[in-house]
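Residues per chain are reported as follows:
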Amino acid sequence: MQAIAIGLSKMAGTSKGSGNQYEMHRLTIIIPNKNVSSAKFNKFGLGFEPMDLPVAEAAFAKLGSVTYPCRIDLTMDHEPRAGKVEAVVAGFTGQPVFIDMTMPAAAKPAA
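Computed from a predicted structure; not experimentally measured.

Caption draft 1: Region of the structure containing the pattern of salt bridges. This structure, assessed with the given rule, holds four salt bridges. Lys43 is paired through a salt bridge with Glu49; the nearest N and O atoms lie 3.0 Å apart. Glu79 is the salt-bridge partner of Arg81, the closest N and O atoms lying 2.9 Å from each other. Since its relative accessible area comes to 24%, Arg81 is described here as partly exposed. Residue class for Glu79 comes out partly exposed when judged on its relative accessible area of 25%.

Structural data, given as structure tokens:
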């Protein structure tokens, strides 16, 4: 799955509801922002919007070695989570390509 990845996060804590400990790994990618229209909901979208993907614990270290933002070819797998089977990022193939988000000095608007 080709994606533009913009960040990686690890969250850990204690659930308010159950009191159980948890740890989550998430990769944030951007996807095209689409228009949606139905009888009860309308959305007009331009550009891109973020989407968080769950990451397999074994893949976190490898994804942590990447420089963000980047264009990356993700590999997916499935893991049982909360009584369901969920798609997770299992790693990536090839070499991620860094995307330079800085504007060249000549292209910056005058102050």
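Caption draft 2: The arrangement of the side chain of His25 in detail. Within the fold, His25 resides in strand 2 (residues 21-32). A distance of 3.1 Å separates polar atoms of two side chains, one belonging to His25 and the other to Glu23.

Rules of the game
- Residues numbered from 1 in each chain as written.
- Predicted model: local features only at pLDDT ≥ 70, side-chain atom pairs only at ≥ 80, totals over all residues.
- Heavy atoms only, no water.
- Salt bridge = Lys/Arg side-chain N within 4 Å of Asp/Glu carboxyl O.
- Buried < 20%, exposed > 50% of the residue type's maximum accessible area, 1.4 Å probe, protein only.
- Helix = DSSP H or I, 4+ residues; strand = E, 2+ residues; numbered from the N terminus.
- Polar contact = N/O pair within 3.5 Å; in protein donor to acceptor, adjacent residues only side chain to side chain.

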